[in-house]
Amino acid sequence: MIAFISALVVFLGVAFFMTGNGQKKANTKKVPTVGILQLQTHPALDAIHRGVVAGLKEYGYVPGKTVKIDYQNAQGDQSNLKTMSQKFVNEDAAEVVGIATPAAQALVSAAGKSTPVILAGITDPSGSGLIKSDAHPGANVTGTSGESPLKSHLDLLRELVPSAKTVGIIYTTSDHGGEYNAKKFAKICKQEGVAYKMYTIANTNDMQTVAEKMASEVDAVYAPQDNGVASAMKTLVSVTNKAKVPVIPAVDTMVKAGGLATLSVDQYQLGKLSGEMAAKVLKGKDTSDYAIKVITKGKMTLNLSEAKKLGITFPASVLKEAKTKGVVYQ
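Residues numbered from 1 in each chain as written. Predicted model: local features only at pLDDT ≥ 70, side-chain atom pairs only at ≥ 80, totals over all residues. Heavy atoms only, no water.

1. Topic: the overall build of the protein chain
If you tally the helices and strands in the protein chain, you get 13 helices and 13 strands. Expected size for 330 residues packed as a compact globule is a radius of gyration near 20 Å; at 25 Å, the protein chain overshoots this value by more than 25%. In terms of overall dimensions, the protein chain has C-alpha extents of about 110 × 40 × 35 Å along its principal axes. Expressed as a percentage of its 330 residues, the buried residues of the protein chain come to 51%. Across the protein chain, every contact between residues at least 6 apart in sequence was considered, and the portion connecting residues at least 24 apart equals 72%. When the accessible surface of the protein chain is split by element, carbon and sulfur atoms take 55% of a total near 15,500 Å². The protein chain carries 37 positive and 27 negative side-chain charges, and their two centres are separated by 5 Å. (Helix = DSSP H or I, 4+ residues; strand = E, 2+ residues; numbered from the N terminus. Rg over C-alpha atoms; globule rule 2.2 N^0.38 Å. Buried < 20%, exposed > 50% of the residue type's maximum accessible area, 1.4 Å probe, protein only. Contact = heavy atoms within 4.5 Å. Areas by Shrake-Rupley, 256 points an atom, 1.4 Å probe, with all protein chains shown as cover. Lys, Arg positive; Asp, Glu negative; His and termini not counted. Charge placed at Lys NZ, Arg CZ, Asp CG, Glu CD.)

2. Focus: the sheet that holds strand S12 (residues 299-303)
Pairing is mixed in the open sheet, where three strands are placed in the order S10-S12-S13. The open sheet has two edge strands with one neighbour each: strand S10 (261-264) and strand S13 (327-329). Direction aside, the axes of adjacent strands within the sheet are offset by 15° on average. Of the strand pairs in this sheet, S10 and S12 are connected by four bridges, and their pairing is antiparallel. When the bridges of S12 are listed, Thr262 appears paired with Thr301. Across the sheet, helix H5 (residues 150-160) lies against S10 and S12, angled at about 160° from S10, the strand it touches most. (Pairing = 2+ DSSP bridges. Axes fitted to C-alpha atoms, helices over the stretch in contact; angles between N-to-C directions.)

3. Regarding the sheet that holds strand S11 (residues 293-295)
One open sheet holds the six strands; their spatial order is S2-S1-S3-S4-S5-S11, and the pairing between them is parallel. This sheet does not close on itself; its edge strands, each paired only once, are strand S2 (68-73) and S11. Ignoring strand direction, the axes of neighbouring strands in this sheet form an average angle of 15°. Along the sheet, helix H4 (residues 101-111) contacts strand S1 (33-38), strand S3 (95-99), strand S4 (117-120) and strand S5 (141-146); its crossing angle with S3, the most-contacted strand, is approximately 155°.

4. Examining the packing of aromatic side chains
Applying the stated rule across the entire model yields one aromatic pair. With 3.8 Å between their ring centres and 15° between their planes, Phe185 and Tyr222 make a pair best called stacked. Of this pair, Phe185 sits in helix H6 (residues 176-192) while Tyr222 is found in strand S8 (residues 220-223), placing the two residues 37 residues apart along the sequence. Positioned above the aromatic ring of Tyr290, the side-chain terminus of Lys285 is 4.7 Å from the ring centre. (Phe/Tyr/Trp six-rings, centres within 6.5 Å; stacked < 30°, edge-to-face > 60°. Lys NZ or Arg CZ within 6 Å of the ring centre and 35° of its normal.)

5. Remarks on the packing of helix H3 (residues 78-90) against H4
For the pair H3 and H4, interaxial distance at closest approach is 9 Å and the crossing angle is 45°. Here H3 lies oblique to H4, going by the angle between them. You can see that H3 and H4 cross each other, and the crossing is right-handed. On H4, the residues that touch Gln78, Leu81, Ser85, Gln86, Phe88 and Val89 of H3 are Pro102, Ala103, Ala106, Leu107, Ala110 and Ala111. Taken together, the residues of the contact of H3 with H4 break down into nine nonpolar, three polar and no charged. (Parallel < 35°, antiparallel > 145°, perpendicular 65-115°, else oblique. Left-handed = near helix turned anticlockwise from the far one by under 90°. Nonpolar A, V, L, I, M, F, W, Y, C, P; charged D, E, K, R; others polar.)

6. Considering the pattern of salt bridges
What the rule picks out here adds up to ten salt bridges. Of the charged contacts in the structure, one is a salt bridge between Asp70 and Lys87, with a shortest N-O distance of 2.4 Å. Of this pair, Asp70 sits in strand S2 while Lys87 sits in helix H3, and the two are 17 residues apart along the sequence. Judged by relative accessible area, which is 35%, Lys87 ranks as partly exposed. The shortest N-O distance in the salt bridge between Lys213 and Glu217 comes to 2.8 Å. Judged by its relative accessible area of 30%, Glu217 is partly exposed. Each of Asp70, Lys87 and Glu91 takes part in a single network of salt bridges with overlapping partners. (Salt bridge = Lys/Arg side-chain N within 4 Å of Asp/Glu carboxyl O.)

7. Description of the confidence of the model for the protein chain
Chain-level pLDDT for the protein chain is 91 on average; 91% of the residues reach the 70-or-more range. Considering only residues more than four positions removed or in separate chains, one finds that residues 1-28, a stretch of pLDDT under 50, has zero contacts. (pLDDT = per-residue confidence, 0-100.)

8. Quick word on the nonpolar core
With 54 residues, the main nonpolar core has Ile170, Leu236 and Leu260 as its most contacted residues. Residue contacts for Ile170: discarding those within four places in its chain leaves Tyr199, Ile201, Met207, Val210, Met214, Val221, Tyr222, Ala223, Pro224 and Val229. Membership of the second largest hydrophobic core comes to 38 residues, among which are Val34, Ala74, Val97 and Ala104. (Core = buried A, V, L, I, M, F, W, Y, C linked by side-chain atoms within 4.5 Å.)

9. Focus on helix H7 (residues 207-215)
Since the α-helix packs 3.6 residues into each turn, any two residues three or four apart lie on the same face. What H7 keeps buried is the set Met207, Val210, Ala211, Met214 and Ala215. Buried positions in H7, seen along its axis, are confined to an arc of 130° and lie on one side of it. Looking at the packing, one finds that the buried side of H7 touches strand S6 (166-172), strand S7 (195-201), S8, helix H8 (227-231) and helix H9 (233-242). (Arc of directions from axis to C-beta.)

10. Considering unusual backbone geometry
When glycine is set aside, most residues are seen to have a negative phi, and most peptide bonds are trans. Residue Ala139 is not a glycine yet carries a positive backbone phi of 55°. Of note, Ala139 is situated in the loop between S4 and S5. The class for Ala139 is partly exposed, based on a relative accessible area of 40%. The phi dihedral of Lys244 is positive, around 60°, even though this residue is not glycine. Its location among the elements puts Lys244 in the loop between H9 and strand S9 (247-249).

If you want it as structure tokens, here you go:
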């Protein structure tokens, strides 16, 4: 009898221990991993990255606590994009975020149809083969797209440089978004009766030579939202300034780097919106019918020191808009 009671006590103790452990395991939530892949380092993409993290955090996904963020920067190397994308797959990331078109394309290729892919500020996502349409992306891809207000950029260029007869448009041949924006801007120029010349670089190493040729042939330059051009913005401006040729870029960070002025989509807010969408997908929202969110409204951004170098005076209305609703770099 004593032996039976002892055995019963041991059995109940083991059962309690196992039940307790099972309950503990059931209450333990796995911290999801979010992979963020960025094409390269430059201010606009860095701002998008910060925004993505902020958007996730706003919805309760705090880095190091309720989410693990694996941030990878390919530094412009295409082979790195493939390796880093596969790394996310191997570590079973809950979802991945692509900053810049080549990064997003690498992620979609590696993720297949299972891992959700969030686009962060991708220009022309359907044209680059990432989704079926903005309204119905299909499969496992959704996110944000930043469409430059191209017609407004041309209007601003003509207002600030009314004497310009020919506009130079420069883009990177390997950047789908840059090419898309450059050709679309050229089409608007043609519609508006503005003469233009197209210039391309294969990579940032080409900028010095191409910029020198361009500066000798045009009266103003348009620099679209293009990762290669953005990375070489200081080289571009160092050449055009000598020739007194103003540069109207697409993004506020490019104005800060030496451009004259722009109406810019806020890159940080674009990233934040992507982060918020990423959070909702983590919570269970279906990507296939989660429409792409497109931001097109820009804020006036001016560079006063650049205007002084070029002998350009901003119209009072433009200066007022930048001071009240936009950004003014001194």
